[in-house]
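A closer look at the structure
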Amino acid sequence: MKIATTNGNNGRKANLMIRKPKATDGASVNELIAECKPLDENSVYCNLLQCSHFADTCVIAELNGEPVGFVSGYIVPENPERLFIWQVAVSPKARGLKLAKSMILEILDRPICHDVTELQTTITSSNAPSQGVFRSVARELETEVKRKVLFERETHFDGASASEILWQIGPFEREDVARVAA
């Protein structure tokens, strides 16, 4: 758990806490994601599972006790050296605090990620904010980014959604994670 005092968007001091989620956070995570358009909304049940079964690889951020950030991820079952970040949500109330990067680095610094040397996510080509976050994470970890299409618009989404580009960030060392997550 990380606690910091920061200047909020209104210039006032605010208490920011980053921690593992728990099952009781599922409904508020669902509400947060709904306010972070254009993120895909999941069911409350899905968010409950993320906050319970996958709590070790997810994170919630609270500003003055209110949920303002959530990152969901998991260690890829057949590749335990890879952490896949599924979704990053940051409330408009917390934008500009570099919260997305801080939450991702918080997860990477946890004991469950001890063997993780590569971070993966998918991003559409039009999602410049997410691209910026993950480029920044790669710079902090002093590593490279490789990209390739993972899910193609016509083949996988029947033309209804944009292609998802796989971002592979790594390899990186545990020392680099500890250095930037501090």
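The structure this text deals with has already been given above.
An account of the accompanying structure is given in this report. (Residues numbered from 1 in each chain as written. Predicted model: local features only at pLDDT ≥ 70, side-chain atom pairs only at ≥ 80, totals over all residues. Heavy atoms only, no water.)

Examining helix 1 (residues 26-35)
- Of all the positions in helix 1, only Gly26, Val29, Asn30, Leu32 and Ile33 are classed as buried. Axial view of helix 1: buried residues confined to an arc of 160°, hence all on one face.
- On its buried side, helix 1 packs onto helix 2 (44-52), strand 3 (59-63), strand 4 (66-75) and strand 5 (82-90). (Buried < 20%, exposed > 50% of the residue type's maximum accessible area, 1.4 Å probe, protein only. Helix = DSSP H or I, 4+ residues; strand = E, 2+ residues; numbered from the N terminus. Arc of directions from axis to C-beta. Contact = heavy atoms within 4.5 Å.)

Some remarks on the packing of aromatic side chains
- The final tally for this structure, using the stated rule, is one aromatic pair.
- A centroid spacing of 5.4 Å and a plane angle of 35° characterise the contact between tyrosine 74 and phenylalanine 84, whose relative ring orientation is tilted. With tyrosine 74 in strand 4 and phenylalanine 84 in strand 5, this residue pair connects regions lying 10 residues apart in the sequence.
- Residue tyrosine 74 is classed as partly exposed on the basis of its relative accessible area, which comes to 29%.
- With relative accessibility at 12%, the residue phenylalanine 84 sits in the buried group.
- Sitting over the face of the ring of tryptophan 167, arginine 147 holds its NZ or CZ atom 4.2 Å from the ring centroid. (Phe/Tyr/Trp six-rings, centres within 6.5 Å; stacked < 30°, edge-to-face > 60°. Lys NZ or Arg CZ within 6 Å of the ring centre and 35° of its normal.)

Some details on the pattern of salt bridges
- With the rule as written, the count across this model stands at 11 salt bridges.
- Measuring nitrogen to oxygen at the nearest pair gives 2.8 Å for the salt bridge that ties aspartate 25 to arginine 19. Arginine 19 carries the same exposure label as aspartate 25, and that label is buried.
- A salt bridge links arginine 179 to aspartate 176; its shortest N-O distance comes to 3.4 Å. One end of the pair, arginine 179, and the other, aspartate 176, are both in helix 6 (residues 174-181), three residues apart, so they sit about a helical turn from each other.
- When salt bridges that share partners are traced, they join Arg19, Asp25 and Glu62 into one network. (Salt bridge = Lys/Arg side-chain N within 4 Å of Asp/Glu carboxyl O.)

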